[in-house]
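# Notes for the structure review
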Amino acid sequence: MIILLYVSCLMCGCAGGPSQEKMAIVFYNCENFFDTVDDPLRDDDEFTPWGKYQYTRRMYLQKLHNMAIVLQSMGGEEGPVLIGLAEIENNTVLNDLVQQPEIAGKGYSYQWYDGPDARGVDVALLYDPIRFVVIESEPLHVPLDSGRTRDILYVQGVLAGDTVHVLVNHWPSRRGADGQSAGRRAAAAKVCRDAMTTIWQERPGAHIIVMGDLNDNPADSSISKVLGVAASLSGIRNETLYNPFAAMYARGEGTEAYMGQWNLFDQVMVSGGMRYAGAGIYRPPFLQSRLKGYEGTPKRSFISHRWVNGYSDHFPVVLYLYKK
């Protein structure tokens with residue numbers, strides 16, 4: 001049944017069209033979602049009108065519109081209840097995004113902290129404040145030998161009558177020596193895992209959602225071993241994460257393509273006690289490139305330094321939970 005839901009999602013170009021009994025949880029790497037203002041404390045010069053991308057106010061407004069269209073088209077009539085975002089520069093971008101006409105009627109609020117990333121990109125969580133009531137939130141720092149990387153956003157709230165703990169991630173990239181970059185992602189995975197362990201020690205069986213651009217595939221050790229996720233629901237314990245995207249990756253599916261190779265870096269995982277109802281990669285035709293040599297890959301905003309009025313270099317992912 002889960003497989004049928006996923007196949008239907010891909011064939012019809014929608015996010016699965018969930019019924020009123022399901023809630024959509026989305027994660028989306030928005031690819032360099034900057035405003036046009038130079039922040040003297042961040043390395044954001046390339047995304048200014050005088051930078052190498054010649055990023056103008058017109059482009060920024062179009063980027064806002066494009067991102068809002070994607071979010072509007074997901075999650076059925078109610079829209080997603082939770083939306084994790086990556087590569088967000090600041091709260092100016094978030095304030096402008098939630099006010100876009102396509103999604104303004106949803107009344108989304110957000111949780112965000114200004115983190116230590118040199119370029120100034122952070123993660124954030126948009127949420128429907130009627131369906132998800134925030135209790136507390138904080139950034140979780142990821143210490144590295146070479147400094148710090150992007151924080152993990154922790155948000156605790158009430159969803160459909162249950163207390164839920166959400167961890168939004170954007171782990172270190174694959175730049176540099178493979179072993180070194182893998183170690184940085186393992187460090188981020190350990191911070192995430194330690195947070196889950198603490199939650200379960202204080203609240204046995206607590207519901208946890210982990211989402212993000214992990215810059216690793218489901219089979220990589222940072223996810224399969226450090227996080228200790230399960231690739232099947234069969235016999236899963238409440239205090240174990242289930243990763244439905246592991247099976248998709250095994251079938252050759254992906255959310256991001258690099259040099260002709262698909263990666264499935266973007267994932268949403270839930271603890272075993274949650275009411276899982278399906279998951280999929282959201283890739284309707286309008287999000288896919290038609291350029292020769294790039295057919296079927298995400299239609300990104302820029303190719304090289306040229307604006308092409310796309311969306312992101314990643315496809316978003318969606319996971320459904322039953323309400324009852």
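Here the structure is shown first, and the text comes after it.
Reference entry: report on the structure contained in this document.

Cut-off values and rules
- Residues numbered from 1 in each chain as written.
- Predicted model: local features only at pLDDT ≥ 70, side-chain atom pairs only at ≥ 80, totals over all residues.
- Heavy atoms only, no water.
- Helix = DSSP H or I, 4+ residues; strand = E, 2+ residues; numbered from the N terminus.
- Phe/Tyr/Trp six-rings, centres within 6.5 Å; stacked < 30°, edge-to-face > 60°.
- Buried < 20%, exposed > 50% of the residue type's maximum accessible area, 1.4 Å probe, protein only.
- Expected span 1.5 Å × (residues − 1).
- Contact = heavy atoms within 4.5 Å.
- Salt bridge = Lys/Arg side-chain N within 4 Å of Asp/Glu carboxyl O.
- Axes fitted to C-alpha atoms, helices over the stretch in contact; angles between N-to-C directions.
- Parallel < 35°, antiparallel > 145°, perpendicular 65-115°, else oblique.
- Left-handed = near helix turned anticlockwise from the far one by under 90°.
- Nonpolar A, V, L, I, M, F, W, Y, C, P; charged D, E, K, R; others polar.
- Pairing = 2+ DSSP bridges.
- Core = buried A, V, L, I, M, F, W, Y, C linked by side-chain atoms within 4.5 Å.

### Digging into the environment of R290
Tracing the sequence through the fold places R290 in the loop between β15 (276-281) and β16 (302-303). Taking the C-alpha atoms as reference points, R290 and K22, separated by 268 residues in sequence, lie 33 Å from one another.

### Looking at the packing of aromatic side chains
By the definition in use, this model includes 11 aromatic pairs. Between F47 and Y55, the aromatic rings sit 5.5 Å apart at their centres with planes inclined by 85 degrees, giving edge-to-face as the arrangement. The same class applies to F47 as to Y55, namely buried. Taking 5.4 Å as the distance between ring centres and 75 degrees as the angle between the ring planes, the aromatic pair formed by F286 and Y311 counts as edge-to-face.

### Focus on helix α2 (residues 57-72)
With 16 residues, α2 ought to run about 22 Å at 1.5 Å a step, and its terminal C-alpha atoms sit 22 Å apart, in line with that. Next to the buried residues of α2 lie β1 (22-33), β2 (82-88), α3 (91-98), β4 (122-127), β16 and β17 (306-307).

### Looking at the pattern of salt bridges
A full pass over the atoms with the stated rule returns 16 salt bridges. Note that D114 and R42 form a salt bridge whose closest N and O atoms lie 3.3 Å from each other. Taken together, the residues span a long stretch of sequence, with D114 in the loop between β3 (109-112) and β4 and R42 in the loop between β1 and α2 at a distance of 72 residues. Note that R185 is salt-bridged to D216, the shortest N-O span being 2.9 Å. You can see R185 sitting in helix α4 (residues 178-202) and its partner D216 sitting in the loop between β10 (207-213) and α5 (221-226), a full 31 residues away along the chain. For R185, a relative accessible area of 1% gives the class buried.

### A short note on the packing of α2 against α3
Contact geometry of α2 with α3 gives a least axis separation of 9 Å together with a crossing angle of 60 degrees. The angle between α2 and α3 places the two elements in the oblique class. As for the relative orientation of α2 and α3, their crossing is right-handed in sense. Residues Y60, L64, M67, A68 and L71 of α2 form the contact with α3, whose own contacting residues are T92, V93, D96 and L97. Taken together, the residues of the contact of α2 with α3 break down into 7 nonpolar, 1 polar and 1 charged.

### As for the sheet that holds strand β11 (residues 241-242)
With mixed pairing, the 6 strands of this open sheet are ordered in space as β5-β8-β9-β10-β14-β11. Looking along the sheet, the strands with just one partner apiece sit at the ends: β5 (132-140) and β11. Here 7 bridges tie strand β8 (residues 152-159) to strand β9 (residues 162-170), and the two strands are oriented antiparallel to one another. Counted as the bridge partner of L159 is D162 from β9.

### Topic: the pairing of β10
In terms of burial, β10 is a largely internal element, 7 of the 7 residues being buried. Judged from the 7 bridges that link them, β9 and β10 form a sheet pairing that is parallel. Bridge pairing links H170 to D213 in β10. Where β10 lies against strand β14 (residues 266-271), 5 bridges are found, and the strand directions are antiparallel. Each bridged residue has a counterpart across the sheet, and for D213 the counterpart in β14 is D266.

### Some points on the sheet that holds strand β18 (residues 317-322)
Ordered in space as β3-β4-β2-β1-β18-β15, the 6 strands form an open sheet in which the pairing is mixed. For this open sheet the edge positions go to β3 and β15, each flanked by a neighbour on one side alone. Sheet twist, expressed as the mean angle between neighbouring strand axes with direction ignored, is 20 degrees. As judged from the 5 bridges shared by β2 and β4, these two strands associate in the antiparallel manner. Pairing of G84 across the sheet is with L125, part of β4. Its contacts with the sheet put α2 on β1, β2 and β4, and the angle it makes with β1 is roughly 160 degrees. Its contacts with the sheet put α3 on β1, β2, β3 and β4, and the angle it makes with β3 is roughly 165 degrees.

### Observations regarding the nonpolar core
Ranked by size, the top nonpolar core spans 72 residues in total, and within it L97 and I209 carry the most contacts. Those residues in contact with I209, other than ones at most four positions away along the chain, are I25, L82, V164, H165, V166, L167, V268, M269, V270, M274 and L321. Formed by 24 residues, the second largest nonpolar core is a distinct cluster that contains C192, W200, A206 and M269.

That is the geometry; function is a separate question.
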